[in-house]
Amino acid sequence: MSTEVELRYNDHPDFNQSIDDEVGEINILGETFSPSAVLFELAQETYRIATTEYYEQAFERVLHKIGLDEPSAHPTLLFFPRYTIPPPKTPLRPTFSDPNRLFDP
């Protein structure tokens, strides 16, 4: 029995958009491809690692914005593990589209 959760491309639209914006469209012989889709299809382990790092950095930015740069800065944070990929189906998954916009005006 495998404990690994299936990685799905459409579960990470913010990450995908960030890769697409950073790299730009890929054009080969008149065909246009999404960089994030190419990464997902051709190098899923790299995609999984990069997605995990993206969400960890987003979490760090939120902590910084609210003045809790380290989990030890507030005892309650010790009970909340860092967000990792997978699992995309966890009920504790944020419902907002971009965690960086959480505290922006």
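Residues numbered from 1 in each chain as written. Predicted model: local features only at pLDDT ≥ 70, side-chain atom pairs only at ≥ 80, totals over all residues. Heavy atoms only, no water.

## Describing the overall build of the protein
And then number 1: Of the regular secondary structure elements, the protein holds 3 helices and 2 strands.
And then number 2: Of the regular secondary structure in the protein, the N- to C-terminal order runs α-β-β-α-α.
And then number 3: The buried share among the 105 residues of the protein stands at 27%.
And then number 4: Nonlocal contacts in the protein, meaning residues at least 24 apart in sequence, comprise 60% of its contacts between residues at least 6 apart.
And then number 5: With the model as given, the accessible surface of the protein reaches about 7,600 Å², and the carbon-plus-sulfur share is 58%. (Helix = DSSP H or I, 4+ residues; strand = E, 2+ residues; numbered from the N terminus. Buried < 20%, exposed > 50% of the residue type's maximum accessible area, 1.4 Å probe, protein only. Contact = heavy atoms within 4.5 Å. Areas by Shrake-Rupley, 256 points an atom, 1.4 Å probe, with all protein chains shown as cover.)

## A word on helix H2 (residues 35-42)
And then number 1: Residues Pro-35, Ser-36 and Phe-40 constitute the buried set of H2. Viewed end-on, H2 has its buried residues packed into an arc of 135°, placing them on one side of the element. More than 90 degrees from the buried face of H2, the exposed residues found are Glu-41 and Leu-42.
And then number 2: Contact partners of the buried residues in H2: helix H1 (13-23), strand E1 (26-28), strand E2 (31-33) and helix H3 (44-65). (Arc of directions from axis to C-beta.)

## Notes on the nonpolar core
And then number 1: One finds Leu-7, Phe-15, Ile-19, Phe-40, Tyr-47, Tyr-54 and Tyr-55 forming the largest nonpolar core, which totals 7 residues.
And then number 2: Among the elements of the structure, H1 and H3 are those that each provide at least two residues to this core.
And then number 3: Among residues more than four places away in sequence, those in contact with Phe-15 are Tyr-47, Ala-50, Thr-51 and Tyr-54. (Core = buried A, V, L, I, M, F, W, Y, C linked by side-chain atoms within 4.5 Å.)

## Quick word on unusual backbone geometry
And then number 1: In this model, Leu-29 sits at a positive phi of 50°, which is unusual for a non-glycine residue.
And then number 2: Relative to the assigned elements, Leu-29 resides in the loop between E1 and E2.
And then number 3: Taking relative accessible area as the criterion, Leu-29 reaches 86% and is therefore assigned exposed.

## Details of the packing of H1 against H3
When two helices pack together, you describe them by how their axes are tilted relative to each other and by the distance separating the axes.
And then number 1: Packing of H1 against H3 brings their axes to within 10 Å, and their N-to-C directions diverge by 105°. As the angle between them shows, H1 and H3 are arranged roughly perpendicular. Contact with H1, carried on its side by Asp-14, Phe-15, Asn-16 and Ser-18, involves Tyr-47, Ala-50, Thr-51 and Tyr-54 of H3 and no other residues of that element.
And then number 2: Among the residues forming the contact of H1 with H3, the class breakdown is 4 nonpolar, 3 polar and 1 charged. (Axes fitted to C-alpha atoms, helices over the stretch in contact; angles between N-to-C directions. Parallel < 35°, antiparallel > 145°, perpendicular 65-115°, else oblique. Nonpolar A, V, L, I, M, F, W, Y, C, P; charged D, E, K, R; others polar.)

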